[in-house]
Amino acid sequence: MVVIDGPDPPLLTAAGLGKWYGGRVGCRNVDVVVWPGEVVGVVGESGSGKTTLLRCLAGMLAPGVGVVHYRTGEGTVVDVHALPEPRRRRLMRTEWGVVHQNPRDGLRMAVSAGANLGERLLAEGARHYGAVRSRALDWMADVELDTGRIDDRPHAFSGGMQQRLQIGRVLVNRPRLVFMDEPTGGLDVSVQARLLDLLRRLVAELDLAVVLVTHDLGVVRLLADRLLVMRGGEVVESGLTDQVLDDPQHGYTQMLVASVLPV
Amino acid sequence: MTVNLEARGLSKSFVLHAQGGIRLPVLCDFGLTVAAGECVALRGPSGAGKSTVLRLLYGNYRADSGTLRVAHGDGMVDLATAPPRLILAVRRQSIGHVSQFLRAVPRVPAEEVVAEPVRRCGVPTAEALDRARRLMARLNLPERLWRLAPATFSGGEQQRVNLARGLVAGHRTLLLDEPTAALDATNRAVVVDLIREVRAAGTAVVGIFHDQSVRHAVADRVVALAPFAETQGSAGSAPALG
Ligand SMILES: Nc1ncnc2c1ncn2[C@@H]1O[C@H](COP(=O)(O)OP(=O)(O)OP(=O)(O)O)[C@@H](O)[C@H]1O
Ligand SMILES: [Mg+2]
């Protein structure tokens, strides 16, 4: 197990993670390390355990076995699943972010785009309305939304716009670690390309650490530094993204790579 | 003599699980040492493993055995055993690979594609773009293309974008996979000049140059690769003069 210590410590480590749904395996024997500023992709077919793993890492789902450690901005190391609920909530609102596949799961649909963007700032203690509003406006522009629509509710936005709004809402207070589950799933190809480009830019500009779950190898090729390949709940192969995709060692990874039409 | 790259005992085979686990040996006990300012050309028939060698040297393919030491910072890093994060750092700062085809990112303009490796080293955007544009101009890429995404560019234009991207960061070791294959004579000559310039500045270059005149113009040494069946049991490859 990697210890969160030393001159260049990781941000998150998980060891021996396992989760069973009744008798069915969600994930098992999974070790994960995430360093600051690094994008770790998790790929595999549907049902391979990607989302289960993500939810265990993000503290949203208690694993059956295993531990997740996180190094906070203050430098203390916490056992994510042993944290009292309010602390975990606070962590999720301040240092972490979660981008859901369906923007409706991440947005508050009943309030304006601006209120969505401002929420984390307010939760962090921002009190000055004008300042929150101006940061929200900056973020509208940053995620390539028309600033004139800041008072519209998300209902009025297209799927791609909602997804960009969700991303803005999560990144507005510069979290250190972001969990993304199929952030480009369910979008048209051209909308996906735009979103990917946006994510690429923001990840680099904000020096974000990201755990990115997707079944789309093209997405990880563009975004991920490292990859975990999952099958049947287990990690069958991991390593540098281009190495895993261009020189896959495991039969399952070879099958995944061979199943993609070359672009 | 400063050694920038030193490969020893490199072996590589591919195991194709979907095809009954068939094993495809490509390289056996391959060695290569390249000094700063030197250019080595890899030569051999199609399928001999030339691109495989470059990809191994870049850490893109995993070596079955052997060491692969690349100058980085004040020392050498063995890419065969380095963790992914270190490989990425070595690629950012010390070694560049120009693949045969550009992998275009949707929507990203050519000048940003070219500037990206410089920006990743921490150079401010404006300066990175400036360096990118100068190199693109040198490679005769018309200015009207700079703001466009390269996906729709011609083969030769894409290759020049790819080359500019590979050269722009000034890495001290450079791997070039057929950098002039899609270029006309004028642009070939530009590329020859550029390679000579980086060599003169101390860059170690390993390249595959199908064009014999290009090879003669840039390389000090030629290393011949033979298809695996012909080398099995022997040393794998022997340096030869070309
Ligand atoms: N990722 C891979 N998976 C399986 N086999 C591979 C892979 N990459 C290369 N090979 C095989 O390795 C052998 C050497 O290929 P390589 O591309 O290195 O040849 P080359 O000398 O560069 O040929 P060319 O002159 O045609 O470009 C070929 O038989 C090729 O099919
Ligand atoms: Mg080749």
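Residues numbered from 1 in each chain as written. Chains lettered and ligands numbered in written order. Predicted model: local features only at pLDDT ≥ 70, side-chain atom pairs only at ≥ 80, totals over all residues. Heavy atoms only, no water.

What follows is about the packing of aromatic side chains. All names here are of chain A. For the coordinates displayed, the defined rule picks out three aromatic pairs over all chains. A centroid spacing of 5.1 Å and a plane angle of 85° characterise the contact between Tyr70 and Trp96, whose relative ring orientation is edge-to-face. Placement of the pair is Tyr70 in strand β4 (residues 65-71) and Trp96 in strand β6 (residues 96-99), with a sequence separation of 26 residues. Since its relative accessible area comes to 1%, Trp96 is described here as buried. Ring geometry for Trp96 and Phe179: centres 5.2 Å apart, planes at 65°, overall edge-to-face. Placement of the pair is Trp96 in strand β6 and Phe179 in strand β7 (residues 177-181), with a sequence separation of 83 residues. Of the residues examined, Phe179 reaches a relative accessible area of 0% and is grouped as buried. Site record: aromatic cluster; members linked through ring pairs are Tyr70, Trp96 and Phe179. (Phe/Tyr/Trp six-rings, centres within 6.5 Å; stacked < 30°, edge-to-face > 60°. Helix = DSSP H or I, 4+ residues; strand = E, 2+ residues; numbered from the N terminus. Buried < 20%, exposed > 50% of the residue type's maximum accessible area, 1.4 Å probe, protein only.)

Let's shift gears to the sheet that holds β6 of chain A. Where strands meet in a sheet, backbone hydrogen bonds hold them as pairs that are either parallel or antiparallel. Residues and elements named next belong to chain A. The six strands lie next to each other as β6-β7-β8-β3-β9-β10, forming an open sheet whose pairing is mixed. Strands at the two margins of the open sheet, each flanked by one partner only, are β6 and β10 (234-240). Averaged over all adjacent pairs, the angle separating strand axes in this sheet is 15°, with direction ignored. Two strands pair when backbone bridges link them, and β6 and β7 are joined in this way by four bridges, in the parallel orientation. Looking at β7, one finds that Trp96 is bridged to Leu177. (Pairing = 2+ DSSP bridges. Axes fitted to C-alpha atoms, helices over the stretch in contact; angles between N-to-C directions.)

All names here are of chain A. Entries for chain A in the domain assignment read domain 1 (2-95 + 175-258) and domain 2 (105-174). A straight line from the C-alpha centre of domain 1 to that of domain 2 covers 25 Å. At the junction of the two partners, domain 1 supplies 18 residues and domain 2 supplies 16 residues. Contact between domain 1 and domain 2 buries roughly 1,600 Å² in total, counting both sides, with carbon and sulfur atoms accounting for 61%. Counting the contacts that link domain 1 with domain 2 gives three salt bridges. The shortest N-O distance in the salt bridge between Glu144 and Arg201 comes to 3.9 Å. Across the contact surface, domain 1 and domain 2 share seven residue pairs in polar contact (both at pLDDT 80 or more). (Domains from an automatic or database assignment. Contact = heavy atoms within 4.5 Å. Buried area = accessible area lost by both parts, 1.4 Å probe. Salt bridge = Lys/Arg side-chain N within 4 Å of Asp/Glu carboxyl O. Polar contact = N/O pair within 3.5 Å; in protein donor to acceptor, adjacent residues only side chain to side chain.)

Residue and element names in this part refer to chain B. In this model, chain B carries an average pLDDT of 91, and 94% of its residues clear a pLDDT of 70 or more. Long-range and interchain partners of residues 233-242, a stretch whose pLDDT sits below 50, account for 13 contacts in this model, where long-range means more than four residues apart. Here the predicted complex carries an ipTM of 0.90, next to a pTM of 0.90. (pLDDT = per-residue confidence, 0-100.)

Further remarks concern the site of ligand 1. Inspection of the region around ligand 1 gives 16 residues, with Ser46, Lys50, Ser51, Thr52 and Tyr61 of chain B positioned closest. Near ligand 1, residues from chains A and B are present, making the site a shared one. A distance of 2.7 Å is found between an oxygen atom of ligand 1 and a side-chain nitrogen or oxygen belonging to Lys50 of chain B. Between an oxygen atom of ligand 1 and a main-chain N or O atom of Ser51 of chain B, the distance comes to 2.8 Å. Protein chains bury 68% of the 640 Å² of accessible surface belonging to ligand 1 in isolation. Mapped onto the shell around ligand 1, the elements with two or more residues apiece are β1 (3-16), β2 (22-35) and α1 (50-57) of chain B. (Near = heavy atom within 4 Å. Areas by Shrake-Rupley, 256 points an atom, 1.4 Å probe, with all protein chains shown as cover.)

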